[in-house]
Amino acid sequence: MCVKSGFSKSAACRYPFGMAPMPRCRLAALAFALLAPPSHAVAAPDRVDPRKLAESYFAAPPLDRVRILTALEPFDRVTPSEVEGWKKSLLGWASKGPRTSGKAKGFLYEKPERGLFLLGGRKTTDGLLVALHGGGVGSGDASQAASAFGGAAASLGLRLVAPEVLEKTEHGWTDPPATERFVVELIEALVRTEKIDRNRVVLTGHSMGGYGTWTLGATYADMFAGLAVFAGAPTCTRLSDTAPISGVAEGILPNLRNVPIFVYQSGDDQNVPAPSNDFAMPALDRLAKDDPGGYVHTYERVEGRAHGFPEKGPEPGIAWASKRPRDPRPKKTVWQPSRAWKKQFYALYWERPALGTIVTVEVRGENRFDVSADGPIDGIEILLDAKSADLSQEVVVTSGGKETYRGLPALSLRTMLRTAERGDPDLCFSASVPAWKR
């Protein structure tokens, strides 16, 4: 494998779409039985319907989703004429997921009431501003963010959602996994309910919310069109408590390759001192210089504003961050996984991501990709569809000038199912090839 980085650090049965259910398949029948509630003794069915099985995937808990994917293995191969029908069905089932009530104040999780959020701005399909509040131990609430960012959202023609941390701790938004998943699920529910443009979702925050914007914005960069940070910073690392900053936490800087970020910092801020941003922003400068077209960012560094907002308020920074739509299919993707549950990033899929490994995949021409990494990347896949490749021709993957894979991509029901989870049409793919094959 080529080690190159600019960072420190088959199918037994073919089942055509729309036909009547197939006869019993031993593997599918076994998995179907496993899916039944353990308190009921259920005999293996005589027939298995892959459409019903696939539909059940979206409401199933994680373990049962694995079992459903196993049960669908005999039906995995699909023909080109079946792809669009399957995609339409899968995305339609995904769209039936949780929704918001439409009220100005609501809870994402109703029983018991949990996951408070406030809505504001303009009710529109054009774009969404996700605003994270500040705070700390026992302090901070959604009303702060709704008040601070509501005017900017309305002026810019954006819908506003202000979630409230599930637990008011010192780390708030950056304490995974519960709050982190809450934010992601809230965005998905609101976009699903109000049909907001998925390519116009912007994340912002002040103070602790700024920390959250750095972390969540980078971890889930493929969800956002832009990020705007006010008086918040990335989590940085030091060799000791008294040593200078030596780096930025994994999964942040590399992942910002395709999402613009605006950062505001006052030098006299005692709540969020400047050194972290003063370290991270020059690092982004270097990355942008070495990778033209990537790492778009701006740093507004001032004095005399302490822990407050810019003199002109947050609107100019948010306007900058929201001026371009998200690019869900970038020509070059850099990913440093930091969450075991984050398995898809743009057009990459990694069932068991090697946390901390930085992998770069770049489109080199039709059906040609180049891969580099600073660690093992066994199991990572490049996701494809008819928009990104000619699926009737071989796909070639290289690394360091050497060919690491050549083959014809197989259209896969399970690939479509796994990538339809979020209900995002731009990130739903019908085939994949290994990014590295020994």
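Scoring rules and cut-offs
- Residues numbered from 1 in each chain as written.
- Predicted model: local features only at pLDDT ≥ 70, side-chain atom pairs only at ≥ 80, totals over all residues.
- Heavy atoms only, no water.
- Core = buried A, V, L, I, M, F, W, Y, C linked by side-chain atoms within 4.5 Å.
- Buried < 20%, exposed > 50% of the residue type's maximum accessible area, 1.4 Å probe, protein only.
- Helix = DSSP H or I, 4+ residues; strand = E, 2+ residues; numbered from the N terminus.
- Contact = heavy atoms within 4.5 Å.
- Polar contact = N/O pair within 3.5 Å; in protein donor to acceptor, adjacent residues only side chain to side chain.
- Arc of directions from axis to C-beta.
- Expected span 1.5 Å × (residues − 1).
- pLDDT = per-residue confidence, 0-100.
- Pairing = 2+ DSSP bridges.

Chemist: What exactly am I supposed to notice about the nonpolar core here?
Modeler: A general tendency of soluble globular proteins is for nonpolar side chains to be buried together. Counting 92 residues, the largest nonpolar core has Leu 90, Trp 214, Leu 256 and Ile 382 as its most contacted members. When residues in this core are grouped by element, the largest group, 8 residues, is from helix α6 (residues 178–194). Among the nonpolar cores identified, the runner-up in size contains 20 residues, and Leu 129, Ala 131, Ala 142 and Ala 152 belong to it.

Chemist: When you look at the environment of Lys 168 in this model, what are you seeing that I'm missing?
Modeler: As for its position among the elements, Lys 168 is in the loop between β6 (159–163) and α6. The sequence separation of Lys 168 and Gly 136 amounts to 32 residues, and the corresponding C-alpha distance is 6.1 Å. In contact with Lys 168, not counting residues within four places along its chain, are Gly 136, Val 137, Gly 138, Ser 139, Gly 140 and Asp 141. Among the polar contacts made by the side chain of Lys 168, one reaches the main-chain carbonyl oxygen of Gly 140 at a distance of 3.0 Å.

Chemist: Is there a simple way to explain helix α3 (residues 62–71) in this structure?
Modeler: Helical geometry note: an α-helix holds 3.6 residues per turn, so side chains three or four residues apart project in the same direction. When we look at burial in α3, the residues that qualify are Asp 64, Arg 65, Ile 68, Leu 69 and Ala 71. Along the axis of α3, the buried residues cluster in a sector spanning 160°; they form a single face. Residues of α3 that are exposed and angled more than 90 degrees away from the buried face: Pro 62 and Leu 63.

Chemist: I tried to follow helix α8 (residues 275–290) on my own but got confused; where do I start?
Modeler: For α8, with 16 residues, the first-to-last C-alpha span of 23 Å sits near the 22 Å given by 1.5 Å per residue. Burial in α8 covers these residues: Ser 276, Asn 277, Ala 280, Met 281, Ala 283, Leu 284 and Leu 287. In an axial view of α8, the angular spread of the buried residues amounts to 160°, which keeps them on one side of the axis. Projecting away from the buried face of α8 at angles above 90 degrees are the exposed residues Lys 289 and Asp 290. Residues of α8 that are buried sit in contact with α7 (208–219), β9 (236–238), β10 (245–248), β11 (261–266) and β12 (297–302).

Chemist: I'm lost on the confidence of the model for the chain in this one. Help?
Modeler: In low-pLDDT segments, the atomic positions of the prediction should not be examined closely. For the chain, mean pLDDT is 89; residues scoring 70 or higher make up 89% of the total. Overall, residues 1–46 carries pLDDT values under 50, and its contacts beyond four positions in sequence, including any with other chains, amount to 79 contacts.

Chemist: Mind showing me how you'd approach the pairing of strand β19 (residues 395–399) here?
Modeler: On a regular strand, one side chain projects to one face of the sheet and the next to the other, so that they alternate. The buried fraction of β19 amounts to 5 of the 5 residues, a majority that puts the element mostly inside the structure. Burial along β19 is two-sided: Val 395, Val 397 and Ser 399 facing one way and Val 396 and Thr 398 facing the other are all buried. Relative to β19, strand β17 (residues 368–373) runs parallel, the two sharing 3 bridges. Note that in β19 the partner of Phe 369 across the bridge is Val 397. Summarising the sheet, β19 and strand β20 (residues 402–407) pair through 5 bridges and their orientation is antiparallel. Paired with Ser 399 across the strands is Lys 402, a residue of β20.

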